[in-house]
Amino acid sequence: MILDKEQLRANLDEVIWNIEEARITVSEHHIVKLVTVAKYTEIENIATLYELGQRAFGENQVQQLKERMTALEELPLEWHMIGSLQKNKINNLIDLRPALMQSLDSLELALELNKKLLAKEQNMNCLLQINAAKEESKSGVSAAQAVDIYQEIKETCPQINLKGVMTIGAHSENTKLIQQSFETTQSIYEKLEKEGAAICSMGMSSDYELAIKCGSNLVRVGSALFK
Ligand SMILES: *Cc1c(COP(=O)(O)O)cnc(C)c1O
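Residues numbered from 1 in each chain as written. Predicted model: local features only at pLDDT ≥ 70, side-chain atom pairs only at ≥ 80, totals over all residues. Heavy atoms only, no water.

## A word on the environment of Met204
Turning to step 1, where the next piece is worked out: Relative to the assigned elements, Met204 resides in the loop between strand 7 (199-201) and helix 8 (208-213).
Turning to step 2, where the next piece is worked out: We classify Met204 as partly exposed; its relative accessible area is 33%.
Turning to step 3, where the next piece is worked out: Taking the C-alpha atoms as reference points, Met204 and Ser223, 19 residues apart in sequence, are found 8.7 Å from one another.
Turning to step 4, where the next piece is worked out: Those residues in contact with Met204, other than ones at most four positions away along the chain, are Ile168 and Arg220. (Helix = DSSP H or I, 4+ residues; strand = E, 2+ residues; numbered from the N terminus. Buried < 20%, exposed > 50% of the residue type's maximum accessible area, 1.4 Å probe, protein only. Contact = heavy atoms within 4.5 Å.)

Following this line, the structure appears as structure tokens:
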């Protein structure tokens, strides 16, 4: 559905206001970045959000990322990859040069990505995805192994610039469980700050305020903006 500018403005204002309220409860100095997840919406809405001041957009499929980056190449947008990356799509993603690849979800993928980056003499900014709620349906490294894997990627994958961590909150009606998954990720992030981690990406439409209160400094919001 293509939304008109006033509708998108109202939705964006509401999300920004909610982010503002949540971040202030953490600290005046706690800055949160909004990445708009456009995967369910039309290209026209992305262009309108750009006119309204939004710059960072996320997609969860390499093919769709490519189509949209191409269609909107005139605009100075910042693109994030947020979905599982299949091995046969690695080269395509590298060629797109995303600002941030948020879904590096295993050491194996990191090694493969590093190899292909090296062959193309490129680097990529990435986040290590953590499966904090231990859900089988989700990808990501376990919370128990996250710090070790992060360090190992830093040591063995020089083409990858690890910038922090990403998680998807527990899929549950139970707020306590969702909060726990954010707190688990936040505590890993704090350990990794010594290693240079600066981004803790947590929170989607249904839980971004809670995620921010747990320390998130990057939220990925889709459906709340396109209603
Ligand atoms: C789809 C998606 C989002 C956004 O989800 P909404 O609930 O629509 O806000 C955020 N992060 C990831 C990894 C996603 O796949």
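Having seen the structure, we can now continue with the description.
## Observations concerning the packing of helix 5 (residues 107-119) against helix 6 (residues 143-156)
Turning to step 1, where the next piece is worked out: Between helix 5 and helix 6, the shortest axis-to-axis distance is 10 Å and the interhelical angle comes to 15°. In terms of orientation, helix 5 and helix 6 fall into the roughly parallel class. Relative to helix 6, the crossing made by helix 5 is right-handed. Residue-level contacts link Leu107, Ala110, Leu111 and Asn114 of helix 5 to Ile149, Glu152, Ile153 and Thr156 of helix 6.
Turning to step 2, where the next piece is worked out: Grouping the constituent residues of the contact of helix 5 with helix 6 by class yields 5 nonpolar, 2 polar and 1 charged. (Axes fitted to C-alpha atoms, helices over the stretch in contact; angles between N-to-C directions. Parallel < 35°, antiparallel > 145°, perpendicular 65-115°, else oblique. Left-handed = near helix turned anticlockwise from the far one by under 90°. Nonpolar A, V, L, I, M, F, W, Y, C, P; charged D, E, K, R; others polar.)

## Considering the pairing of strand 8 (residues 218-221)
Taken residue by residue, a regular strand's side chains alternate between the two faces of the sheet.
Turning to step 1, where the next piece is worked out: Here strand 8 shows a buried face lined by Leu218 and Arg220 and a second buried face lined by Val219 and Val221.
Turning to step 2, where the next piece is worked out: Taken together, the 4 bridges between strand 1 (residues 33-37) and strand 8 define a ladder with parallel strand orientation. Across the sheet, the residue bridging to Lys33 is Leu218, located in strand 8. (Pairing = 2+ DSSP bridges.)

## Examining helix 5
Turning to step 1, where the next piece is worked out: Between its terminal C-alpha atoms helix 5 stretches 19 Å, which fits the 18 Å expected from 13 residues at 1.5 Å a residue.
Turning to step 2, where the next piece is worked out: Where the residues of helix 5 are buried, they touch helix 4 (90-96), strand 4 (100-104), strand 5 (124-130), helix 6 and strand 6 (160-167).
Turning to step 3, where the next piece is worked out: Positive backbone phi, at 50°, marks Glu121, one or two positions downstream of helix 5. (Expected span 1.5 Å × (residues − 1).)

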